[in-house]
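Close look at the chain arrangement
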Amino acid sequence: MTMSSSADKSQQQTSSQQQENVAELYFGPDFDDIQFLSNAQVAAFLKVSARGAVDRDQELHDVYRKTQRYVDRFNTMTNSEKDDQELVGELDNLQDALTTFRKEKEDDGEEMELHGSEVAALMNLVATDTMVEEAIALIPSLSRFPEAAIDEILDLIRSTMIRIVS
């Protein structure tokens, strides 16, 4: 590699890093076509995967176990009395509702929607007492929505959380 191509590559990386901005919902080209998942969704997928490994008599990898511990630690959308299909169904319904949530801007009538990363982050905000101000502090990109719209989103999450844990 020549010195100039090395410098060009370094400059491109710096330029790319400067452009990535979570608050503005830009994550760089590597994240253009991915689906963001909540902790609860990851926990459900890992649980199914673990059962499959046990059925095949395979040992779970250390990375798997660490990931499972992490999502279990932060996942409060659980209910041991409900089967996995019910939980996955509720999570899918919540994700669909948040993904299809639309609000018009008051100034120009343009329709706003939630980004996939916001959907996953909101699904991780499962506390039933989360207020609009707290949601904006934790997910700054939500500030583009009117407070009433954010409260509507939080109500949707609360009602799903109540259905899951009760």
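Procedures and definitions
Residues numbered from 1 in each chain as written. Predicted model: local features only at pLDDT ≥ 70, side-chain atom pairs only at ≥ 80, totals over all residues. Heavy atoms only, no water. Axes fitted to C-alpha atoms, helices over the stretch in contact; angles between N-to-C directions. Helix = DSSP H or I, 4+ residues; strand = E, 2+ residues; numbered from the N terminus. Parallel < 35°, antiparallel > 145°, perpendicular 65-115°, else oblique. Left-handed = near helix turned anticlockwise from the far one by under 90°. Contact = heavy atoms within 4.5 Å. Nonpolar A, V, L, I, M, F, W, Y, C, P; charged D, E, K, R; others polar. Salt bridge = Lys/Arg side-chain N within 4 Å of Asp/Glu carboxyl O. Buried < 20%, exposed > 50% of the residue type's maximum accessible area, 1.4 Å probe, protein only. pLDDT = per-residue confidence, 0-100.

Section: the packing of helix α4 (residues 84-99) against helix α5 (residues 116-124)
At their nearest, the axes of α4 and α5 sit 10 Å apart, and the two run at 130° to each other. Compared by their axis directions, α4 and α5 come out oblique. Crossing hand, α4 versus α5: right-handed. Residues L91, L94, Q95, L98 and T99 of α4 touch α5, and the partners they reach there are V119, L122 and M123. Along the lines of polarity and charge, the residues of the contact of α4 with α5 split into six nonpolar, two polar and no charged.

Quick notes on the packing of helix α2 (residues 39-55) against helix α3 (residues 62-74)
For the pair α2 and α3, interaxial distance at closest approach is 9 Å and the crossing angle is 140°. By the angle class used here, α2 and α3 are oblique. The chirality of how α2 crosses α3 is left-handed. Two secondary-structure elements touch here, α2 through N39, V42, A43, L46, K47, S49 and A50 and α3 through Y64, T67, Q68, Y70, V71, D72 and F74. Across the contact of α2 with α3, the residue classes tally to eight nonpolar, four polar and two charged.

Focus on the pattern of salt bridges
Summed over the entire model, instances satisfying the criterion amount to eight salt bridges. When the shortest N-O distance is used, the salt bridge between E90 and R163 registers 3.1 Å. With E90 in helix α4 and R163 in helix α7 (residues 147-165), this pair connects stretches of sequence that are 73 residues apart. Its relative accessible area of 16% is what places E90 among the buried residues. Between E118 and R144 there is a salt bridge, with its nearest N and O atoms 2.5 Å apart.

What about the confidence of the model for the chain?
Mean pLDDT for the chain: 81, with 87% of residues reaching 70 or above. By mean pLDDT, helix α1 (residues 3-19) is the weakest element of the chain at 51, and helix α6 (residues 132-138) is the strongest at 93.

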